[in-house]
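Chains, contacts and geometry: an overview
Below, each chain spelled out in residue letters.
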Amino acid sequence: MKKISKICCIGAGYVGGPTMSVIALKCPEIQVTVVDLNEKRIAQWNDDNLDNLPIYEPGLKEIVAETRGKNLFFSSDVDKGIDEAEMIFISVNTPTKTYGKGKGQAADLKNIELCARNIAKVAKEDKIVVEKSTLPVRTAETLKSILDNTGKGVKFEILSNPEFLAEGTAIDDLLNADRVLIGGDETPSGQAAKDSLSWVYEHWLPKERILQTNVWSSELSKLVANAFLAQRVSSINSISALCEKTDANVAEVARAIGFDSRIGSKFLNSSVGFGGSCFQKDILNLVYIAKSFGLQEVAEYWEQVIIMNDYQKRRFAENIVSTLYNTVSGKKIVFYGWAFKKDTNDTRESAAIYVADALLEEKAQIVVYDPKVSEETIYADLDYLGTRDPKENRELLQVTKAPIEATKDAHAIAILTEWDEFKTYDWKKIYANMLKPAFVFDGRRLLDKDAMASIGFKFYKIGES
Ligand SMILES: NC(=O)c1ccc[n+]([C@@H]2O[C@H](COP(=O)([O-])OP(=O)(O)OC[C@H]3O[C@@H](n4cnc5c(N)ncnc54)[C@H](O)[C@@H]3O)[C@@H](O)[C@H]2O)c1
Ligand SMILES: O=c1ccn([C@@H]2O[C@H](COP(=O)(O)OP(=O)(O)O[C@H]3O[C@H](CO)[C@@H](O)[C@H](O)[C@H]3O)[C@@H](O)[C@H]2O)c(=O)[nH]1
């Protein structure tokens, strides 16, 4: 087993940035270089003002402050990074394909292939290549085929090391990972590569939490973990609809079933629907893979998790329209939150985007407040859907940095992200600002129903009648 002294990570995103920062922190003898083709992103990672890092993640800037320039470097010189490293992580984005075969379901592996070709072109010495991105099962085969045909006699070991961090808690998840998964060939050189990567993680994690498997199990386990997690959210969300019809309370049901140690209490918070860059993409990918092996029933089983999530988002928007007397045209609705969950500035697949889109179709006037998401991102998210002219998005939707003033003459507030600060607002003052009856639609089950009702609000909370 070789001790690694130089690591390169291709992709300075939500995974590459935090993961490599933690490796640099915990392995001071390893030089870690994170490279990316996006020069603007690299400039942000190198910004003297740590509040300008491209990613907001609690605890991240402190780690970057400690390591950057010592053993952590960010660079747009991808070739140099590859050339110098003994171990290369590929942590580029693998979104759902928007074109061609598998459009709307399969993972787009264009970036992965570009990385493999780049490594093949630049490498002069043997290297360990680590798949950090989430990839369809058997992708390592493609990588191997590209890398083994360079004709330069360079030997590559390919490992799968999927990342399980969740945004908003990424640093804590990395520092205290439940497990690290390392898949590799069951040959002597494959075993040595797996041990080298284990050695990196053993700097801060107990050995028994580092699981070694074959490559295919590792690749598939990542998709399956996300599918199981998302399935829990869709399951409890399906019950939230039933609770609203039956006077049951979804939180009480979740608590009651969660006490069963076989079920467990985590990931049973009913919400306006799951978002984020991973759950939908990875389930669609699983569905596509199942279909491509002719496993139609398996594909349909998992597809239902997405169908239920779309239903939950649609149901939330439709409830706003029907409660506001079947028309929201010209009515001011304030959105609290745009990020897909609290403590991140990431908005990919956020439920807020789809709820806003549905209300804009009904010509609502929306004002959005999110403590970490920029105006530019909010408009980009809406424009990307292509539902209407970008000009109309800007006419119908405004972005504010003043959450309390924004409620002046509003008909309703919709809570789309569970930011803690919303709980501390002066809701009496907000009530006074609003038109009456004043409606609040709590898509995150953040506020207390009785307290809101006693102020005078017409309060709707997911999963309660
Ligand atoms: N975001 C998460 O919480 C999370 C968690 C676990 C796993 N994952 C997986 O990790 C992977 C990365 O996700 P992310 O959220 O960090 O994506 P991201 O979009 O934030 O970052 C990816 C980066 O890769 C860069 N890139 C793309 N192609 C490149 C190339 N050929 N050469 C150099 N740079 C290139 C992009 O410019 C971008 O900055 C995905 O496969 C995702 O499914 C994400
Ligand atoms: O009980 C719950 C838990 C989550 N959510 C929502 O589900 C989405 C995803 O949340 P979370 O899983 O916490 O964040 P992600 O950053 O998307 O992390 C998931 O996706 C990552 C990318 O693959 C994986 O690495 C993580 O293990 C996996 O949790 C968010 O919109 C949450 O609001 C709920 O509605 N109810």
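Whatever comes next refers back to the structure up there.
Residues numbered from 1 in each chain as written. Chains lettered and ligands numbered in written order. Predicted model: local features only at pLDDT ≥ 70, side-chain atom pairs only at ≥ 80, totals over all residues. Heavy atoms only, no water.

**Points about the overall build of the protein**
Counting its regular elements, the protein contains 17 helices and 14 strands. Expected size for 465 residues packed as a compact globule is a radius of gyration near 23 Å; at 24 Å, the protein falls within 12% of this value. Taken along the three principal axes of its C-alpha coordinates, the protein extends 75 × 50 × 45 Å. Taking the intrachain contacts of the protein between residues at least 6 apart in sequence as the baseline, contacts between residues at least 24 apart amount to 75%. Within the structure as shown, the protein displays about 20600 Å² of accessible surface, and the carbon and sulfur contribution to it stands at 52%. Looking at charge distribution, the protein has the averaged site of its 59 positive side-chain charges lying 1 Å from that of its 67 negative ones. (Helix = DSSP H or I, 4+ residues; strand = E, 2+ residues; numbered from the N terminus. Rg over C-alpha atoms; globule rule 2.2 N^0.38 Å. Contact = heavy atoms within 4.5 Å. Areas by Shrake-Rupley, 256 points an atom, 1.4 Å probe, with all protein chains shown as cover. Lys, Arg positive; Asp, Glu negative; His and termini not counted. Charge placed at Lys NZ, Arg CZ, Asp CG, Glu CD.)

**Points about the sheet that holds strand β10 (residues 365–369)**
Pairing is parallel across the open sheet formed by six strands, whose spatial order is β11-β10-β9-β12-β13-β14. The open sheet has two edge strands with one neighbour each: β11 (397–400) and β14 (458–461). Strand-to-strand, the axes of this sheet are offset by a mean angle of 20 degrees, without reference to chain direction. Relative to strand β13 (residues 439–442), strand β12 (residues 412–415) runs parallel, the two being bridged by four bridges. (Pairing = 2+ DSSP bridges. Axes fitted to C-alpha atoms, helices over the stretch in contact; angles between N-to-C directions.)

**Focus: the site of ligand 2**
Every one of the 21 residues lining ligand 2 counts as a neighbour, but Phe164, Leu165, Ser271, Cys278 and Arg444 are closest to it. In this structure, Glu163 approaches ligand 2 through a main-chain N or O atom, which is 3.3 Å from an oxygen atom. The backbone of Leu165 places a nitrogen or oxygen atom 2.7 Å from an oxygen atom of ligand 2. When contributions to the shell around ligand 2 are tallied by element, the ones reaching two or more residues are α9 (215–246) and α11 (279–292). Top contributing element to the shell around ligand 2 by residue count: α9, with four residues. Along the lines of polarity and charge, the residues of the shell around ligand 2 split into eleven nonpolar, four polar and six charged. Looking at which domains feed residues into the shell around ligand 2, each of domain 1 (6–213) and domain 2 (219–465) supplies at least three. (Near = heavy atom within 4 Å. Polar contact = N/O pair within 3.5 Å; in protein donor to acceptor, adjacent residues only side chain to side chain. Nonpolar A, V, L, I, M, F, W, Y, C, P; charged D, E, K, R; others polar. Domains from an automatic or database assignment.)

**Quick look at the packing of aromatic side chains**
In this description, a pair of aromatic rings is defined by centroid distance and the angle of the planes. Under the definition given, this model contains 20 aromatic pairs. Taking the centre distance of 6.3 Å and the plane angle of 65 degrees together, the rings of Tyr369 and Phe422 count as edge-to-face. Residue Tyr369 is located in strand β10, and its partner Phe422 is located in the loop between β12 and α16 (427–433); the two are separated by 53 residues in the primary sequence. Taking relative accessible area as the criterion, Phe422 reaches 0% and is therefore assigned buried. An angle of 35 degrees between the planes, with centres 6.4 Å apart, marks the rings of Tyr425 and Trp427 as tilted. As far as burial versus exposure is concerned, Tyr425 and Trp427 are alike and both buried. Chaining the aromatic ring pairs together yields one cluster made of Tyr336, Tyr369, Phe422, Tyr425, Trp427, Tyr431 and Phe457. The positively charged end of Lys436 is found above the aromatic ring belonging to Tyr431, 4.7 Å away from the centroid. (Phe/Tyr/Trp six-rings, centres within 6.5 Å; stacked < 30°, edge-to-face > 60°. Buried < 20%, exposed > 50% of the residue type's maximum accessible area, 1.4 Å probe, protein only. Lys NZ or Arg CZ within 6 Å of the ring centre and 35° of its normal.)

**Focus: the pairing of strand β4 (residues 87–90)**
Burial along β4 is two-sided: the face carrying Met87 and Phe89 and the face carrying Ile88 and Ile90 are both buried. As defined by bridge partners, strand β1 (residues 6–10) adjoins β4 across four bridges and the pair is classed as parallel. Bridging across to β4, Cys8 finds its partner in Ile88. Taken together, β4, helix α5 (residues 110–122) and strand β5 (residues 127–131) constitute a β-α-β crossover, and its handedness is right-handed. (Right-handed = clockwise from strand over helix to strand, strands pointing away.)

**Overview of the nonpolar core**
Within soluble globular proteins, side chains that are nonpolar generally end up buried alongside one another. Counting residues in hydrophobic clusters, the biggest one holds 57 residues, and the most contacted among them are Phe316, Phe335, Tyr336, Trp338, Leu397 and Trp427. Top contributing element to this core by residue count: helix α13 (residues 351–361), with seven residues. By size, the runner-up hydrophobic cluster in this structure holds 43 residues, among which are Val130, Val180, Trp204 and Ile210. (Core = buried A, V, L, I, M, F, W, Y, C linked by side-chain atoms within 4.5 Å.)

No statement about biological role is implied by the geometric values presented.
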